[in-house]
Amino acid sequence: MKSSTTRRSFFGATAAAFAATRVGRTATGSQPGDIRLGVASYSFREFQRHLAIEDTVKLHVTYINIKDVHLPLNSTPDEIAKARKEFEKAGLTIVGGGNISFQKDDEADIRGKFEYAKLAGMPLIVCAPTHETLPKLEKFVKEYNIKIAVHNHGPEDKHFPTPQSVLDAVKNLDPRCGLCMDVGHSARTGVDVVESVRQAGARLLDMHVKDLTSFKEKGSQVPVGDGIMPIPGIFKELKRLSYQGYVNLEYEVDADDPMPGMQKSFAYMRGVLAGMKG
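This write-up is about the structure you can find in this document.

Conventions we followed
Residues numbered from 1 in each chain as written. Predicted model: local features only at pLDDT ≥ 70, side-chain atom pairs only at ≥ 80, totals over all residues. Heavy atoms only, no water. Buried < 20%, exposed > 50% of the residue type's maximum accessible area, 1.4 Å probe, protein only. Helix = DSSP H or I, 4+ residues; strand = E, 2+ residues; numbered from the N terminus. Contact = heavy atoms within 4.5 Å. Salt bridge = Lys/Arg side-chain N within 4 Å of Asp/Glu carboxyl O. Core = buried A, V, L, I, M, F, W, Y, C linked by side-chain atoms within 4.5 Å.

Points about helix H3 (residues 49–58)
Now for step 1: Listed as buried for H3 are Arg49, Ala52, Ile53, Asp55 and Thr56.
Now for step 2: Buried positions along H3 lie against strand E1 (36–40), strand E2 (63–66), helix H4 (77–89) and helix H11 (259–277).

Encoded structure:
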């Protein structure tokens, strides 16, 4: 199987990258043009904020997308400032927030969430709008200069199941309105994920990465590198596109003990990237 051969070709580099993480060095993010790996804090949804921060640091990752379980949307400005300081004091760069729902067709609700993002220092909102609310977000994108990246959620998503459905909806909007491609959910819709990255081009503003052993089974998620997701192909296409966003691990299994799987995932991804450089 082609993907298995490709994975084996990166095995040595993976081992080297894993060794690098043990001494606090990463294989990515140090040079202009590097693919930047981060954490979607949803991966630590069963843990309080301080533990999510500690574990992200242990992964030798400096980029984080904050889920509202770690910073509630109804937080006061003082509470948001306190949380932001905690992330930044730990050496983490806040690269976005979300997934944030925009299901309510109410401009006051929309503005409140953009204010939240502004106070938290989020340059991008990963979001779940409807076809009715999405066009209304554009006004706030322009006012706040905060990007939005619509997250596709796979076959169960009645609004935006595929990357292509998002791209069609944002194609005439401000360039700061784009796609957060979830590669796992995308694969489950039957689309070619590498081709989808190519199609997205500059509209690809963010990415959630995961791996599956079956593209037909949502519950088949495994550490990245243990499944059939074409990670090398995805990363090569991102590199070809000079992708400027982040590749955030969204680890949705082993909620009570995600660290082993997350460590394995980063070791594999760093190995792939190291192999590409070599």
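Some remarks on the pattern of salt bridges
Proximity of charged atoms lets side chains of opposite charge pair with each other.
Now for step 1: Taken as a whole and judged by the stated rule, the model has 21 salt bridges.
Now for step 2: A salt bridge links Asp106 to Lys104; the shortest N-O distance between them is 3.9 Å.
Now for step 3: Across the pair Lys210 and Glu252 runs a salt bridge whose closest N-O atoms are separated by 3.9 Å. Taken together, the residues span a long stretch of sequence, with Lys210 in the loop between strand E7 (204–209) and strand E8 (211–212) and Glu252 in the loop between strand E10 (246–249) and H11 at a distance of 42 residues.
Now for step 4: Residue class for Lys210 comes out buried when judged on its relative accessible area of 2%.

Side note on the nonpolar core
Now for step 1: In this structure, Phe114, Met207, Ile234, Phe235 and Leu238 are the most contacted members of the largest nonpolar core, which totals 67 residues.
Now for step 2: No other element matches the seven residues that H11 contributes to this core.
Now for step 3: Setting aside residues up to four positions removed in sequence, Phe235 forms contacts with Ile35, Leu37, Val247, Met269, Val272, Leu273 and Met276.
Now for step 4: One finds Leu124, Val126, Ala149 and Cys180 within the second-largest nonpolar core, a separate group that totals five residues.

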